[in-house]
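Architecture and fold: a report
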Amino acid sequence: MTGSRIAAVGHYQPARVLTNDDLAAIVDTSDEWIRTRVGIRTRHIARADETVDEMAAAAASKALAASGLALADIDLVVVATSTAIDRSPNMAARVAARLGLGSPATLDINVVCAGFTHALATADHTIRAGAASAALVIGADKFTEAADWTDRSSCVLLGDGAGAAVVVADDRAQEADGDGVPGIGPVVWGSVPEMGHAVRIEGSPPRFSQEGQAVYRWATTQLPPIAREVCARAGITPEELAGVVLHQANLRIIEPVARKLGATNAVIARDVVDSGNTSAASVPLALSKLVERREIAPGAPVLLFGFGGNLSYAGQVIRCP
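Here's a quick rundown of the structure. (Residues numbered from 1 in each chain as written. Predicted model: local features only at pLDDT ≥ 70, side-chain atom pairs only at ≥ 80, totals over all residues. Heavy atoms only, no water.)

Let's talk about the sheet that holds strand S14 (residues 312-319)
Read from one edge of the open sheet, 5 strands run S8-S14-S13-S11-S12, paired in mixed fashion. Across the chains shown, the open sheet's two edge strands, defined by having one partner strand only, are strand S8 (188-191) and strand S12 (267-268). Of the pairings in the sheet, the one linking strand S11 (residues 243-246) to S12 comprises 2 bridges and is parallel in character. By the bridge assignment, glycine 243 is partnered in S12 with valine 267. With respect to the sheet, helix H7 (residues 212-234) is in contact with S8, strand S13 (301-308) and S14, its orientation differing from that of S13 by roughly 145°. (Pairing = 2+ DSSP bridges. Helix = DSSP H or I, 4+ residues; strand = E, 2+ residues; numbered from the N terminus. Contact = heavy atoms within 4.5 Å. Axes fitted to C-alpha atoms, helices over the stretch in contact; angles between N-to-C directions.)

Dropping the structure here:
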């Protein structure tokens, strides 16, 4: 078996920016109410004709360009999304067609906000098993298409976008390096099936809703020990992390979870402030921005941790590309 690592990342956000004041004009809310409760200032909104696969392909194109790989090198495309409207062709196949890839395996993963970290683990396992050598792993969601714009408790959260990573086989990444962290560390994942009702995208047309207090209590109490287990599986302590990229759900969840984790020396991603909750896109989108701004050194250990719909979670420690 070989190992894998993230060679490059990229992201895409629609041009339109929706501010809290803009929202206050269409629903009973205010900038102060939103900032106080969820910490969000702005979010990006896709055009009516801008599709999930279009955003996914834009992010993937940037990641591919940064990786230096040729289109023909990609033999696996995994797209995490919960906002695909059509059932076939799936998002991964549509992205492959948009990019002009050869004949990769293509699959979608729907674990809502935990989708990207599930997809990354799937790609890592596939490469380790020898069934692929280079993968595009993408999180993309047009979450605002499922928004109920009359519900101020949920519509203020949502944004659109995509983030992508190029994952490649690397014999050196099979084992931990001198600092004790492999290229992509072991995943810790699971779910709470009996609480699946707490986050829903249901109906026709589909609408997003959640039981906010239940999700908040679960995330802030149950997730910190799981995140510490992710670090232990990677062979490091939380204090050794250079970065922490949690699902960008709500600043009032991100900050206490990071604090309870004990990542005292890490850069904590707070992209939710500018992007809102972009579901499966949030982790790779936030990671790509940190890399773009050079806030984390290449090769430094970073915790990626997605959580949310189905009350599912998945996390791994990676080496920053």
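We are not done yet, so read on.
Quick look at the layout of surface pockets
In this structure, the largest pocket occupies an estimated 430 Å³ of space. If you trace the largest pocket, you find 23 residues lining it, with Val38, Leu157, Gln210, Gly212 and Asn250 closest to the centre. Breaking the lining of the largest pocket down by element, the ones donating at least two residues are helix H2 (31-38), helix H6 (152-155), strand S10 (207-210), H7, helix H8 (251-261) and S13. In terms of residue count, H7 provides more of the lining of the largest pocket than any other element does, 4 residues in total. Empty space within the second largest pocket amounts to approximately 350 Å³. Residue lining of the second largest pocket: 17 residues in total, with Ser82, Thr83, Ala84, Ile85 and Asn110 positioned closest to the centre. Broken down by class, the residue content of the lining of the second largest pocket amounts to 7 nonpolar, 6 polar and 4 charged. (1 Å grid on protein atoms, 1.4 Å probe; cavity = no way out; pocket = protein on both sides within 12 Å on 5 of 7 lines; lining within 4 Å. Points joined across faces, edges and corners; volume = space filled by probe spheres on them. Nonpolar A, V, L, I, M, F, W, Y, C, P; charged D, E, K, R; others polar.)

With respect to the side chain of serine 275
Tracing the chain through its elements places serine 275 in helix H9 (residues 272-275). Residue serine 275 is classed as buried on the basis of its relative accessible area, which comes to 0%. At 2.8 Å, the side chain of serine 275 forms a polar contact with the side chain of glutamine 13. Polar contacts involving the side chain of serine 275 include one to the side chain of aspartate 271, which spans 2.9 Å. (Buried < 20%, exposed > 50% of the residue type's maximum accessible area, 1.4 Å probe, protein only. Polar contact = N/O pair within 3.5 Å; in protein donor to acceptor, adjacent residues only side chain to side chain.)

What to know about the sheet that holds strand S7 (residues 160-170)
Spatially, S1-S7-S6-S4-S5 is the arrangement adopted by the 5 strands of the open sheet, whose pairing is mixed. At either end of the open sheet lies a strand with only one pairing partner, and these are strand S1 (3-12) and strand S5 (105-109). Neighbour to neighbour, the strand axes of the sheet diverge by 20° on average, direction disregarded. Here strand S4 (residues 76-80) pairs with strand S6 (residues 134-142) via 5 bridges, running parallel. In the strand pairing of S6, valine 77 is matched with leucine 136. Packed onto the sheet, helix H3 (residues 52-67) meets S1, S6 and S7 and runs at close to 125° relative to S1. The sheet contacts of helix H5 (residues 115-128) involve S1, S4, S5, S6 and S7, and relative to S6 the element is tilted by about 165°.

With respect to unusual backbone geometry
Cis geometry marks the peptide bond from serine 88 to proline 89, where omega comes out at -5°. Note on placement: proline 89 falls in the loop between S4 and helix H4 (91-99). Residue serine 204 is joined to proline 205 through a cis peptide bond whose omega torsion reads 0°. As for its position among the elements, proline 205 is in the loop between strand S9 (199-202) and S10. Positive phi, close to 50°, is recorded for valine 112, a residue that is not glycine. Structurally, valine 112 is set in the loop between S5 and H5.

Examining the nonpolar core
Soluble, globular proteins show a tendency: their nonpolar side chains are buried together. In this structure, Leu241, Val244, Leu303, Phe305 and Phe307 are the most contacted members of the largest nonpolar core, which totals 51 residues. In terms of residues, this core owes the most to one element, H7, which gives 9 residues. Dropping the residues within four chain positions of it, phenylalanine 305 is found in contact with Thr117, Leu223, Ile226, Ala227, Val230, Val245, Leu246, His247, Val283, Tyr313, Ala314 and Gly315. Residues Val78, Ala80, Val245 and Leu287 belong to the second largest nonpolar core, which totals 32 residues. (Core = buried A, V, L, I, M, F, W, Y, C linked by side-chain atoms within 4.5 Å.)

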